[in-house]
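Take a look at the letters that make up each chain.
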Amino acid sequence: MTRFIFVTGGVVSSLGKGIASASLAALLQARGYKVRCRKLDPYLNVDPGTMSPIQHGEVYVTDDGAETDLDLGHYERFTGVSAKQSDNVTTGRIYSDVIARERRGDYLGGTVQVIPHVTDAIKNFLRSDITDEDFILCEIGGTVGDIEGLPFLEAIRQFRNEVGAHNAMFIHLTLLPYIPTSGELKTKPTQHSVKELLSVGIQPDVLVCRADRDIPEGERRKIALFCNVPESNVIAALDVDTIYQVPISYHAQGFDKVVLNHFKMEIKGEPDLSKWREIVNRIRHPESVIKIAIVGKYTTMLDSYKSLSEALIHGGIANNVKVKLEWMDSEIFESEDAVHHLEGVSAILVPGGFGERGAQGKIRAAQFAREHKVPYFGICFGMQMAVVEVARHLANLPKANSTEFTPHENPVVGIMTEWVKAGEVQIRKADGDKGGTMRLGAYPCKLAKGSKVAGIYGQSDIQERHRHRYEVNIGYKEKLEKAGLLFSGMSPDAKLPEIVELQGHPWFIGVQFHPELKSKPFEPHPLFTSFVAAAVERSRLV
Ligand code: GLN
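This section reports on the structure supplied with the text. (Residues numbered from 1 in each chain as written. Predicted model: local features only at pLDDT ≥ 70, side-chain atom pairs only at ≥ 80, totals over all residues. Heavy atoms only, no water.)

Some details on the site of the ligand
In step 1: Around the ligand, the neighbouring residues are Gly352, Gly353, Phe354, Cys380, Phe381, Gln384, Glu404, Arg467, His468, Arg469, Tyr470 and His514.
In step 2: Contact distances for the ligand include 2.8 Å between an oxygen atom and a backbone N or O atom of Tyr470.
In step 3: Within the side chain of His514, an N or O atom sits 3.1 Å from a nitrogen atom of the ligand.
In step 4: Of the residues belonging to the shell around the ligand, the class tally is 4 nonpolar, 5 polar and 3 charged. (Near = heavy atom within 4 Å. Polar contact = N/O pair within 3.5 Å; in protein donor to acceptor, adjacent residues only side chain to side chain. Nonpolar A, V, L, I, M, F, W, Y, C, P; charged D, E, K, R; others polar.)

Some points on a nonpolar patch on the surface
In step 1: Judged by side-chain polarity, Val420, Val425 and Ile427 come together as a nonpolar surface patch covering roughly 280 Å² of accessible area.
In step 2: Within the fold, Ile427 resides in strand S19 (residues 424-427).
In step 3: For Ile427, a relative accessible area of 61% translates into the label exposed. (Patch = residues over 30% accessible without salt bridge, like charges linked within 9 Å, V, L, I, M, F, W, Y side chains within 5 Å. Areas by Shrake-Rupley, 256 points an atom, 1.4 Å probe, with all protein chains shown as cover. Salt bridge = Lys/Arg side-chain N within 4 Å of Asp/Glu carboxyl O. Helix = DSSP H or I, 4+ residues; strand = E, 2+ residues; numbered from the N terminus. Buried < 20%, exposed > 50% of the residue type's maximum accessible area, 1.4 Å probe, protein only.)

Some points on the sheet that holds strand S14 (residues 347-350)
In step 1: The 9 strands are arranged S13-S12-S14-S15-S25-S24-S23-S20-S21 in an open sheet whose pairing can be described as mixed. Where the open sheet ends on each side, the last strands, each with one partner, are strand S13 (321-329) and strand S21 (461-468). This sheet shows a mean twist of 25° between the axes of neighbouring strands, independent of strand direction.
In step 2: Where strand S20 (residues 439-447) and S21 come together, 8 bridges link them in antiparallel fashion. Its bridge partner lying in S21, Gly441 is registered against His466.
In step 3: Of the strands in this sheet, strand S12 (288-296), S14, strand S15 (376-379), strand S24 (497-502) and strand S25 (508-511) are in contact with helix H13 (residues 359-371), which crosses S14 at around 150°.
In step 4: Sheet contacts for helix H14 (residues 381-393): S14, S15, strand S23 (485-490), S24 and S25; angle to S15, the most-contacted strand, approximately 115°. (Pairing = 2+ DSSP bridges. Axes fitted to C-alpha atoms, helices over the stretch in contact; angles between N-to-C directions. Contact = heavy atoms within 4.5 Å.)

Quick look at the pattern of salt bridges
Any two side chains of opposite charge can pair, on the condition that their charged atoms come close.
In step 1: Under the defined criterion, the tally for this structure stands at 39 salt bridges.
In step 2: Residue Lys324 is joined to Glu326 by a salt bridge in which the shortest nitrogen-to-oxygen separation is 3.2 Å.
In step 3: Judged by relative accessible area, which is 39%, Lys324 ranks as partly exposed.
In step 4: Across the pair Arg439 and Glu498 runs a salt bridge whose closest N-O atoms are separated by 2.9 Å. Here the residue Arg439 occupies a position in strand S20, and Glu498 occupies one in strand S24, the gap between them amounting to 59 residues. Residue Arg439 shares its accessibility class with Glu498, and that shared class is buried.

Some thoughts on helix H17 (residues 526-541)
Count 3.6 residues to each turn of an α-helix, and residues three or four apart come out pointing the same way.
In step 1: The terminal C-alpha atoms of H17, which comprises 16 residues, lie 23 Å apart, in line with the 22 Å expected from a rise of 1.5 Å per residue.
In step 2: Among the residues making up H17, those that are buried are Leu527, Phe528, Ser530, Phe531, Val532, Ala534, Ala535, Val536 and Arg538. (Expected span 1.5 Å × (residues − 1).)

Section: the sheet that holds strand S7 (residues 168-175)
Across a sheet, paired strands are connected by hydrogen bonds in the backbone, their directions being either parallel or antiparallel.
In step 1: The strand order S5-S2-S6-S1-S7-S10-S11 describes an open sheet built from 7 strands, whose pairing is parallel. Pairing within the sheet leaves two strands with one partner each, and these edge strands are strand S5 (88-90) and strand S11 (234-238). When the angles between neighbouring strand axes are averaged without regard to direction, this sheet yields 20°.
In step 2: Here strand S10 (residues 206-211) runs beside S11; their pairing, made up of 5 bridges, is parallel. Across the sheet, residue Leu207 finds its bridge partner in S11, namely Val234.
In step 3: Sheet strands touched by helix H5 (residues 114-127): strand S1 (3-9), strand S2 (35-41), S5 and strand S6 (135-140). Its angle to S2, the strand with the most contacts, is close to 160°.
In step 4: Each of S1, S6, S7, S10 and S11 touches helix H10 (residues 255-262); the most contacted strand, S7, lies at about 145° to it.

This is the structure in structure tokens:
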């Protein structure tokens with residue numbers, strides 16, 4: 001039987017509901033249960049794919065080609081369960097489905113309303129695509145009190161009534177701010193937030209309270225009393241030095257037992273958290289520290305690179321080093337003399353990106369890495385810019401560029417309008433819709449025998465996740481290979497370049513896909529492990 005755990009947030013946003021849900025899921029998984037995490041997002045976009053990463057953070061792409069909220073990345077990293085399209089829904093998607101049904105005539109004669117039609121669609125989503133999971137943890141985006149979150153709260157209220165109180169649980173994450181002048185952690189915002197929830201008919205079963213210090217007994221009692229929960233169900237979520245400590249902290253407070261008691265499930269022994277302890281221990285006690293520059297344009301919003309920074313931490317764990325990330329705005333490299341910023345780093349990574357702004361700076365960063373033999377990792381846009389760099393400076397194509405910016409004489413990177421997915425031809429118009437139309441999700445790739453990447457992966461057939469509209473132009477393969485840039489990974493039909501690597505350089509690799517999306521703390525991605533190892537090597541040389 002599948003039980004449902006709903007996680008809402010109160011007081012302020014950014015309290016880490018995603019990490020809270022992922023950590024509780026990991027803890028239940030460590031007790032032997034099958035878990036799955038989902039996210040309901042109240043905004044009107046059909047998916048986050050069309051939103052700027054500066055507004056919304058990273059768009060996390062699943063194997064099945066969904067563009068989803070970045071919290072799905074946390075879920076996948078913490079539980080190892082591959083996220084799917086059916087794990088994320090938005091108000092926009094719910095409404096477009098309801099309206100499509102209305103147009104089809106499915107509600108003929110009826111007035112279509114938020115209750116019951118929209119709430120029914122939300123509940124149908126909650127029930128869909130479930131097999132033998134013991135727990136579905138479902139996070140509601142936004143903060144309680146937001147107008148657009150109301151249909152979701154109403155839907156989960158109804159849902160609990162339908163499945164029975166002991167088959168569903170409400171967890172509310174709040175903030176206890178510390179007021180220095182009174183020297184106290186304040187519980188009032190939490191009380192107000194719970195009141196807000198009660199006003200829509202939801203009594204939380206557990207309160208998870210973010211705080212920057214221990215919650216004194218008195219405050220804990222007060223929260224329990226005013227918010228109508230047992231004291232044992234007030235869980236402290238104290239700030240931690242690494243997110244991978246959270247499942248351990250939750251267990252130390254008996255959070256898993258509180259959940260099992262709620263569902264009247266037998267509590268057998270203790271969960272095995274040794275792998276979490278091992279990871280935390282490695283993060284806390286590295287052998288050395290290395291600096292890696294990330295040259296991107298969304299550096300004012302680090303959530304834009306969530307999976308990337310995690311993957312680099314994983315690469316550090318695999319090499320027993322702490323990776324210190326130096327975030328650099330690519331636009332600074334558009335002035336010639338700024339490259340000295342790159343001198344003190346042991347490796348350079350240019351991540352995914354869109355649009356012309358900052359592109360020239362990325363090309364310059366790739367050039368610096370190539371000329372100074374600094375390890376270079378180009379991901380998606382970072383690969384495309386490295387190809388432009390090599391084309392301009394080694395292949396005698398000084399005008400080489402990407403058509404993402406404007407039409408060019410030497411379009412070494414050009415728009416893709418046709419490709420094959422699972423045996424079927426996909427066709428896109430160059431000026432078609434922007435939403436959900438990129439080359440998305442997992443695609444196979446064949447690695448060239450004897451190439452560096454074949455050695456790194458230890459196999460010749462891989463699957464990686466994509467999200468791009470442009471592609472390195474196969475027409476320039478010969479010229480670029482002659483210049484030393486090997487096309488070491490290709491789509492199985494040999495039409496789409498997936499990986500390039502520079503010959504005679506210690507580590508210069510560009511990939512058209514996003515390997516960071518599949519990296520996990522317990523299973524660091526081989527490219528990140530190898531890249532960090534190359535950075536360690538470089539740090540020994542200079
Ligand atoms: N803008 C480029 C493209 O669409 C790269 C995308 C990315 O880096 N994810 O192909």
